[in-house]
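One-letter residues, chain by chain:
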Amino acid sequence: MSFRDFLLMFFVCFVWAAHTVVSKLVVSGMEIPPLFYAAIRFGIVGLVTLPWLLPAPRPTWRMLVVGFLMGGGGFALFFLGIRTASPSSAAVVGQLGLPITTLLSVAMLGEKIYWRRGLGITLTFIGGMLVMWDPSSGFPLSGGLVLILLGASAGSLAAVMMKQIKGVHPLQFQAWIGLASVVPLVLLTTGLETGQIARSMEAGWPFVAALLFSALVVSLGAHTIYYGLIGKYPANLIAPLLIMTPLLTVAMGIVVTGDRFDTRMALGTGIALCGVLIIALRRNHVMPLATVLWGRFR
């Protein structure tokens, strides 16, 4: 990989990591209702990418389901979870989406896994469970991290379903994510949340900046660059570099939001990322781009 493209890859991972921290600040620090935040984000994405919406992919119903799972559904769960979870722990638990994608490809597409990828899956889950374990509460697992795991699982299911849709270009894909997400999210925030406008007005321009960063820089800018790198380089070169995202998120979480990083967190993070790296270095035969496509669910 050229040094220029490596810097682009680092920029993409940095943006994804920063988005986790920014999301924490929005829904926790600014106290913006998370479903409202997700609705506005995907409304902006859908509006900007509207010219690329047509022609509709076939089957359209599958594209709508994939768009909602990968967009509004997954991110709504993520924003709900990040209210109480730290960015660093959310970054590690989010990595469980990769082994879940692999397991779903076995169940739904007939993929076969052998002992090395099986070891990677086991290590990732062990590390993730260590991070999620919350011995101080009545429930053994952190509720916020459980929601983040469910959001990652939604993205994993969408990845496998996407395998059965052909010929969707990146901006068209973002357009359908916006279309499939905004209406359900508007209904959910209207029915389940209150004070959305008042809190947005109180937060002011920092909230507007966070929205534009999330919708334009993350969803459109970083993903467009990432798609270009996927097309230029083999998956086994791109996939290991994605490890930079959780590492950068952990660092930002410690510096920006004061995340606690104790022995249990360090051990869980190390085990989980070792497992992810093993999975990333082993080829998925049915979904050969599974490891790099996981990056677009950020």
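Treat the numbers as computed from the prediction; the structure is a model and nothing was measured.

## A few points about the overall build of the chain
Piece 1. Broken down by element type, the chain carries 14 helices and zero strands.
Piece 2. Starting at the N terminus and walking to the C terminus, you meet the elements of the chain as α-α-α-α-α-α-α-α-α-α-α-α-α-α.
Piece 3. In terms of overall dimensions, the chain is globule-like: its C-alpha atoms have a radius of gyration of 18 Å, near the 19 Å expected for 298 residues.
Piece 4. In terms of overall dimensions, the chain has a C-alpha envelope of 55 × 50 × 40 Å along the principal axes.
Piece 5. Taken over 298 residues, the chain has a buried fraction of 53%.
Piece 6. Just so you have it, the chain exposes about 12900 Å², and 72% of that area is on carbon and sulfur atoms.
Piece 7. If you average the places of the 19 positive and of the 8 negative side-chain charges in the chain, the two averages end up 16 Å apart.

## Side note on the nonpolar core
Piece 1. Core analysis: the largest hydrophobic core is formed by 52 residues, its most contacted members being Tyr-37, Met-63, Val-66, Val-93, Ile-148, Phe-173 and Phe-207.
Piece 2. Discounting chain neighbours no more than four positions away, the residues touching Met-63 are Pro-57, Met-162, Ile-165, Val-168, Phe-173 and Trp-176.
Piece 3. Core analysis: the next-biggest nonpolar cluster, separate from the first, contains 21 residues, Met-9, Ala-18, Phe-213 and Tyr-226 among them.

## Here's the deal with helix 4 (residues 87-94)
Piece 1. The element helix 4 is extensively covered by neighbouring structure, given that eight of its eight residues are classed as buried.
Piece 2. All buried positions along helix 4 are accounted for by Pro-87, Ser-88, Ser-89, Ala-90, Ala-91, Val-92, Val-93 and Gly-94.

## Thoughts on the environment of Ala-91
Piece 1. Structurally, the position occupied by Ala-91 is in helix 4.
Piece 2. For Ala-91, a relative accessible area of 9% gives the class buried.
Piece 3. In this structure, Ala-91 is in contact with Pro-246 and Thr-249, ignoring residues within four places of it in sequence.

## Considering the environment of Ile-44
Piece 1. Mapping Ile-44 onto the fold places it in helix 2 (residues 34-48).
Piece 2. Note: C-alpha distance between Ile-44 and Ala-175 (131 residues apart in sequence) is 10.0 Å.
Piece 3. Apart from residues no more than four positions distant in its own chain, Ile-44 is found in contact with Leu-211, Ala-215 and Leu-216.

## Regarding the confidence of the model for the chain
Piece 1. Put simply, the chain has an average pLDDT of 84, and 91% of its residues get 70 or more.
Piece 2. At the low end of the mean pLDDT range in the chain sits helix 14 (residues 290-293), at 48; at the high end sits helix 1 (residues 3-29), at 93.
Piece 3. Segment residues 288-292 is flagged for pLDDT under 50; beyond a separation of four residues in sequence, or across chains, it makes 17 contacts in the model.

## Description of the pattern of salt bridges
Piece 1. Enumeration over the complete set of coordinates arrives at two salt bridges.
Piece 2. The shortest N-O distance in the salt bridge between Asp-5 and Arg-4 comes to 2.8 Å.
Piece 3. Where Arg-260 meets Asp-262, a salt bridge forms, and the shortest distance between an N and an O atom there is 3.5 Å.
Piece 4. Exposure remark for Arg-260: the relative accessible area of 68% places this residue in the exposed category.

## Regarding unusual backbone geometry
Piece 1. With an omega dihedral of 5 degrees, the bond running from Leu-54 to Pro-55 counts as a cis peptide bond.
Piece 2. Structurally, Pro-55 is set in the loop between helix 2 and helix 3 (60-82).
Piece 3. Here the bond from Arg-58 into Pro-59 is cis, since omega is -10 degrees, no more than 30 degrees from zero.
Piece 4. Looking at the element boundaries, Pro-59 is found in the loop between helix 2 and helix 3.
Piece 5. The phi dihedral of Glu-31 falls on the positive side, at around 60 degrees, and the residue is not glycine.

## Thoughts on the state of the cysteines
Each disulfide consists of a covalent bond between the sulfur atoms of two cysteine residues.
Piece 1. Counted according to the given criterion, the structure contains zero disulfides.
Piece 2. With no disulfide of its own, Cys-13 has Cys-274 as its nearest cysteine by sulfur position, at a separation of 18 Å.
Piece 3. With relative accessibility at 46%, the residue Cys-274 sits in the partly exposed group.

## Let's talk about a nonpolar patch on the surface
Piece 1. Taken together, the side chains of Phe-11, Leu-47, Val-48, Trp-205, Val-208, Leu-212, Leu-216 and Val-217 present a nonpolar region at the surface, about 740 Å² in accessible area.
Piece 2. Of all the secondary structure elements, the ones that give two or more residues to the nonpolar patch are helix 2 and helix 10 (205-232).
Piece 3. For the nonpolar patch, the element with the highest residue contribution is helix 10, accounting for five residues.

Cut-offs and rules
Residues numbered from 1 in each chain as written. Predicted model: local features only at pLDDT ≥ 70, side-chain atom pairs only at ≥ 80, totals over all residues. Heavy atoms only, no water. Helix = DSSP H or I, 4+ residues; strand = E, 2+ residues; numbered from the N terminus. Rg over C-alpha atoms; globule rule 2.2 N^0.38 Å. Buried < 20%, exposed > 50% of the residue type's maximum accessible area, 1.4 Å probe, protein only. Areas by Shrake-Rupley, 256 points an atom, 1.4 Å probe, with all protein chains shown as cover. Lys, Arg positive; Asp, Glu negative; His and termini not counted. Charge placed at Lys NZ, Arg CZ, Asp CG, Glu CD. Core = buried A, V, L, I, M, F, W, Y, C linked by side-chain atoms within 4.5 Å. Contact = heavy atoms within 4.5 Å. pLDDT = per-residue confidence, 0-100. Salt bridge = Lys/Arg side-chain N within 4 Å of Asp/Glu carboxyl O. Disulfide = S-S within 2.5 Å. Patch = residues over 30% accessible without salt bridge, like charges linked within 9 Å, V, L, I, M, F, W, Y side chains within 5 Å.

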